[in-house]
Amino acid sequence: MNALLEMLSFPFMTRALIAGSLIALSAALLGVTLVLKRYSMIGDGLSHVGFGAMAVAALLNVAPLVVAIPVVVIAAFILLRFQNQAKLRGDTAIAVISTGFLAVGVILIHFSKGGNVDLMNYMFGSILALREIDVWTGIVLSVIVTAAFILLYNRIFAITFDETFAKATGIRTGFYNTVLAILTAITIVLGMRLMGALLISGLIIFPAITAMNLFRSFKKVVVTSGIVAVVSVVSGLIVSYFFGIPTGAGIVCINVTLLILSALISRIIKKD
Amino acid sequence: MALIECKNLTLSYDNKPVIENVSFTLEEGSYFCIVGENGSGKSTLIKAILGLKKPVSGTIDFAENLSQTEIGFIPQHSEIQDAFPASVKEVVLSGCLNSCGILPFYRKAQIKKANYTMELLGITEIAKKSFKNLSGGQRQRVLLARALCATNKVLLLDEPVNGLDPVVTEELYKIINDLNEKGITIIMVSHDIRSVAKYAKQVLHLDKEQWFCGSIDEYRDSEIGHSFLCDHSHCEHEHHEHNKSEEEETV
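Figured I'd write up the structure that's included with this text. Computed from a predicted structure; not experimentally measured.

Right, let's get into a nonpolar patch on the surface. Residue and element names in this part refer to chain A. A cluster of nonpolar residues, Met-1, Leu-4, Leu-5, Leu-8, Phe-242, Phe-243 and Ile-245, forms a patch on the protein surface that exposes about 730 Å² of accessible area. Elements with a contribution of two residues or more to the nonpolar patch: α1 (2–8) and α12 (218–243). Here the nonpolar patch takes three residues from α1, the largest share from any one element. With respect to the helices and strands, the residue Leu-8 is situated in helix α1. For Leu-8, a relative accessible area of 38% translates into the label partly exposed.

So, in structure tokens, the structure goes:
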């Protein structure tokens, strides 16, 4: 208990806990839709784009979010366009764009500092990299994402379950898909500082799949996904603090464990 | 009264015309079947009726009391993901969205309507069940209930009995026919020629080169209808007799 209190006395830990939980919540809510729409790799692709954008920001010496959010939002638009096109398949488009940005990012970082420390931070995340301004933007933006998700919940369900029907009944599916893309882009950029470009898609994919193993209704899956995400971020941060392991990787490992547990539970329940 | 009127409609896919110059008038209360071989443009026509595809030329007009978003669409079986986590009630309720306006959540009237359509289709008991665990017939009932939440005028069904066993198929046809008798206009794409002969009031036959539209009796007598009914039921004669004996039964 004392150790926990001691952990909380570090400002960077409380910051990471608050911002991390909120970002994880947004990522998990959006993740349910992205996984079901088979867009889960978009998260991965966008994080690499974000990596490239942050490298540009580092080179120009401007605030990372100012560059990264618009660039990633635009990339999200482009990727969603490709999802609905036959000529260049969606997954191929993601691979092309994300690898391209990753390569550019690595080169730019090489030139800007020449060191490896920053590169590691961007790739795998670091709670020490979270500054106060990051925490506040993180809190504000993830509250906006979560609120938007709740307000649009019924429409998001409709376009996720059956987009054709939704469109036929007059729901502006293009508009809501765009909103989803923007929300996803923002969430990924925010999460990158904590989780790193290579691990952020874990926050989007794992809680959703874990929840789907356990529940069969959309609402329960969404709520459970949010809970799983927050639990995994909080416990991941605690574990990484006490054992000195990298935070992003710690959170993803907890997610993997929860996923395996949920798969086992769903097997046992099915046998009944 | 004409509910939907199509004039000189031409639709194309990837710049290749799939339907050319098709015209038809859909009467209110009709049971309208769209038949034709694969690739004859049936699905494209459906998309155009639903407003998901713009015609190259020609028009689709709706009666004053019908807006395009008030058509209850039942998609093909394969178009919905198998593993989607959604309860029956969630699926049915999503049909009410077009009456939500800008409000984010469902109101009491909409929940009532969802409950009513579930009752009507006999799926109230499975309301909490997961859509993915349902049988093919149950799924179709759920999708019908959802469509009925979106409309009380027109249902558009795209090959609704695909993959269903004969008993369930018959049940589903009976439900659709009952709804038609209650005054709901039915538009149905079908490969099942026996059901077309049995239930349809109007038939639209699409073919790459030509098309036919008329009442079921005119269709039987037409060359295109004659050969289609014959090809698919192998013996139209027997079919006619089958129909007659059933008519006698009902008399």
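And the narrative resumes.
Approximately 770 Å³ is the volume found for the second largest pocket. Contributing to the lining of the second largest pocket are 30 residues, with Tyr-153, Ser-217, Lys-219 and Lys-220 of chain A together with Glu-90 of chain B lying nearest its centre. Of all elements in the fold, only α2 (11–36), α7 (132–151), α8 (153–161), α11 (200–214), α12 and α13 (247–271) of chain A together with α2 (88–93) of chain B reach the threshold of two or more residues within the lining of the second largest pocket. The leading source of residues in the lining of the second largest pocket is α12 of chain A, at six residues. When grouped by side-chain class, the residues that make up the lining of the second largest pocket number 16 nonpolar, seven polar and seven charged.

With 27 residues of chain A in contact, the opposing surface of chain B contributes 35 residues. Where chain A meets chain B, there are one salt bridge. Of the charged contacts, one joins Asp-162 of chain A and Arg-146 of chain B as a salt bridge, the two residues approaching to 2.8 Å between their closest N and O atoms. If you look at where chain A meets chain B, you find ten residue pairs in polar contact (both at pLDDT 80 or more). Taken together, the elements giving at least two residues each to the side of chain A that touches chain B come down to α7, α8, α9 (163–168) and α12 of chain A. A total of seven residues in the side of chain A that touches chain B trace back to one element, the largest contributor, which is α8 of chain A. Considering only residue class, the side of chain A that touches chain B consists of 14 nonpolar, six polar and seven charged.

Another point: the packing of α2 of chain A against α12 of chain A. Residue and element names in this part refer to chain A. Following both chains from N to C, one finds α2 and α12 inclined at 145 degrees, their axes separated by 8 Å at the closest point. The element α2 and its partner α12 pack so that their crossing is right-handed. For the pair α2 and α12, the contacting residues are Met-13, Ala-16, Leu-17, Gly-20, Ser-21, Ala-24, Leu-25, Ala-28, Leu-29, Val-32 and Leu-36 in the first and Phe-218, Val-221, Val-222, Ser-225, Gly-226, Ala-229, Val-230, Val-233, Val-234, Leu-237 and Tyr-241 in the second. Here the residues of the contact of α2 with α12 sort into 18 nonpolar, four polar and no charged.

Conventions we followed
Residues numbered from 1 in each chain as written. Chains lettered and ligands numbered in written order. Predicted model: local features only at pLDDT ≥ 70, side-chain atom pairs only at ≥ 80, totals over all residues. Heavy atoms only, no water. Patch = residues over 30% accessible without salt bridge, like charges linked within 9 Å, V, L, I, M, F, W, Y side chains within 5 Å. Areas by Shrake-Rupley, 256 points an atom, 1.4 Å probe, with all protein chains shown as cover. Salt bridge = Lys/Arg side-chain N within 4 Å of Asp/Glu carboxyl O. Helix = DSSP H or I, 4+ residues; strand = E, 2+ residues; numbered from the N terminus. Buried < 20%, exposed > 50% of the residue type's maximum accessible area, 1.4 Å probe, protein only. 1 Å grid on protein atoms, 1.4 Å probe; cavity = no way out; pocket = protein on both sides within 12 Å on 5 of 7 lines; lining within 4 Å. Points joined across faces, edges and corners; volume = space filled by probe spheres on them. Nonpolar A, V, L, I, M, F, W, Y, C, P; charged D, E, K, R; others polar. Contact = heavy atoms within 4.5 Å. Polar contact = N/O pair within 3.5 Å; in protein donor to acceptor, adjacent residues only side chain to side chain. Axes fitted to C-alpha atoms, helices over the stretch in contact; angles between N-to-C directions. Left-handed = near helix turned anticlockwise from the far one by under 90°.

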